[in-house]
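# Residue-level structure breakdown
So you can see what is in the structure, the chains are spelled out below.
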Amino acid sequence: MIKTLLRRKKESGFRLNLVFGTVEKPLMILERYRVPNIEWSIEEAYRELKEHLSRSEDSSHTWGYFPQYCEDESQYPKCIALGNRLQEGLVNKLPFPESSMSLSFVRLADNRPVSEYGGMHVDVNPGIGHRRDPSVDGSLDILRLILNLGNHSRIIEHIPLTRDSLLKLGYDIPKDNYRILRFSKGTRRHRIEIPAREADTIYGLKFWSSQVPHAGITDDRGHFVAAFGCYANMDEYKI
């Protein structure tokens, strides 16, 4: 009976981890990864960022290691070590083009963040840059993987329409520079919870972040996440 049900699900195109899109063209999926012996690296990176945050006069409640803009990597040995562990133990083992993703950030928030950059948006850079690299083929999209390293779920809100669809509806969404997107209160929004880490089991949301408008939702519990990204051809590859 079970084999029959599984076969029918396969024949019908059922995909359990599909969050948004279709089986033929998934745009957002939730996955579970096991990275053996990763717990200590995660805890060390958390403590490192927590220490930076405690010494900071910044009132944003957030701190992170951002490889793209870090001027002194000697301040973040634990975050760099964690990034390397995740790269080797997880990302490099994924199929192409996911395996070509590189670390975008390791970020901690100990409360509800205060930032002028928060809100619904599409990514224009695989890192955290607010401008697209002009040397990259303009037809390529951005593939993003957000890993929840924290001990409570991470909520991501998204609009269930692609950037290309919204452009046809008359929305002005630039592809080469970051902009907070304003949608009416009646616009349908979906929320997905990335489950909390369970020892060496990490949950991640993988999606085409230059196409799906999205925003992280953080309450007073804060968050602890890592993200990877790359440019890729959405029409050529299936996540």
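As a reminder, the structure under discussion sits directly above these lines.
An account of the accompanying structure is given in this report.

Each value, and the rule that gives it
- Residues numbered from 1 in each chain as written.
- Predicted model: local features only at pLDDT ≥ 70, side-chain atom pairs only at ≥ 80, totals over all residues.
- Heavy atoms only, no water.
- Pairing = 2+ DSSP bridges.
- Helix = DSSP H or I, 4+ residues; strand = E, 2+ residues; numbered from the N terminus.
- Axes fitted to C-alpha atoms, helices over the stretch in contact; angles between N-to-C directions.
- Contact = heavy atoms within 4.5 Å.
- Phe/Tyr/Trp six-rings, centres within 6.5 Å; stacked < 30°, edge-to-face > 60°.
- Buried < 20%, exposed > 50% of the residue type's maximum accessible area, 1.4 Å probe, protein only.
- Lys NZ or Arg CZ within 6 Å of the ring centre and 35° of its normal.
- 1 Å grid on protein atoms, 1.4 Å probe; cavity = no way out; pocket = protein on both sides within 12 Å on 5 of 7 lines; lining within 4 Å.
- Points joined across faces, edges and corners; volume = space filled by probe spheres on them.
- Salt bridge = Lys/Arg side-chain N within 4 Å of Asp/Glu carboxyl O.

Adjacent strands of a sheet form backbone hydrogen bonds with each other and so pair up, either parallel or antiparallel. A sheet is described by the order of its strands in space; here seven strands give the open sequence β1-β2-β8-β5-β10-β4-β3, paired in antiparallel fashion. Every other strand in the sheet has two partners, leaving β1 (18-21) and β3 (62-65) as the edge strands with one partner each. Strand-to-strand twist across the sheet, computed as the mean angle between neighbouring axes with direction ignored, equals 20°. In this structure, strand β5 (residues 141-148) lies alongside strand β10 (residues 223-232), joined through eight bridges in antiparallel fashion. Each residue of the ladder has a partner; that of isoleucine 142, found in β10, is tyrosine 231. Its contacts with the sheet place helix α2 (residues 39-55) against β3, β4 (102-109), β8 (201-208) and β10, and it is angled at close to 125° to β3. Where helix α3 (residues 77-89) meets the sheet, it contacts β3, β4, β5, β8 and β10, and its direction lies at approximately 130° from that of β4.

A few words on the packing of aromatic side chains. Across all of its chains, the model carries five aromatic pairs by this definition. Measuring from ring centre to ring centre gives 5.4 Å for phenylalanine 96 and tyrosine 237, while their planes differ by 75°; the resulting arrangement is edge-to-face. Linking phenylalanine 96 in the loop between α3 and β4 with tyrosine 237 in the segment after β10, this pair joins segments that are 141 residues apart in sequence. Geometrically, the ring pair formed by tyrosine 171 and phenylalanine 183 is tilted, given 5.3 Å between the ring centres and 45° between the ring planes. Of this pair, tyrosine 171 sits in the loop between α4 (163-168) and β7 (190-194) while phenylalanine 183 sits in the loop between α4 and β7; the two residues are twelve residues apart in sequence, bridging distant segments of the chain. A relative accessible area of 12% means that phenylalanine 183 is categorised as buried. Cation over ring: arginine 47 sits above tryptophan 40, and NZ or CZ is 5.1 Å from the ring centre.

Approximately 250 Å³ is the volume found for the second largest pocket. Taken together, 16 residues form the lining of the second largest pocket, with Tyr46, Leu149, Gly150, Asn151 and Phe224 sitting closest to its centre. Listed by contribution, the elements that provide at least two residues to the lining of the second largest pocket are α2, β4 and β10. Per-element tally for the lining of the second largest pocket: the top contributor is α2, with four residues.

It is worth spelling out the pattern of salt bridges at this point. This structure, assessed with the given rule, holds 13 salt bridges. Aspartate 172 serves as the salt-bridge partner of arginine 179, at 3.1 Å between the closest nitrogen and oxygen. Take aspartate 172: its relative accessible area is 54%, and that puts it in the exposed class. Salt bridges sharing common partners tie together Glu31, Glu98 and Lys206.

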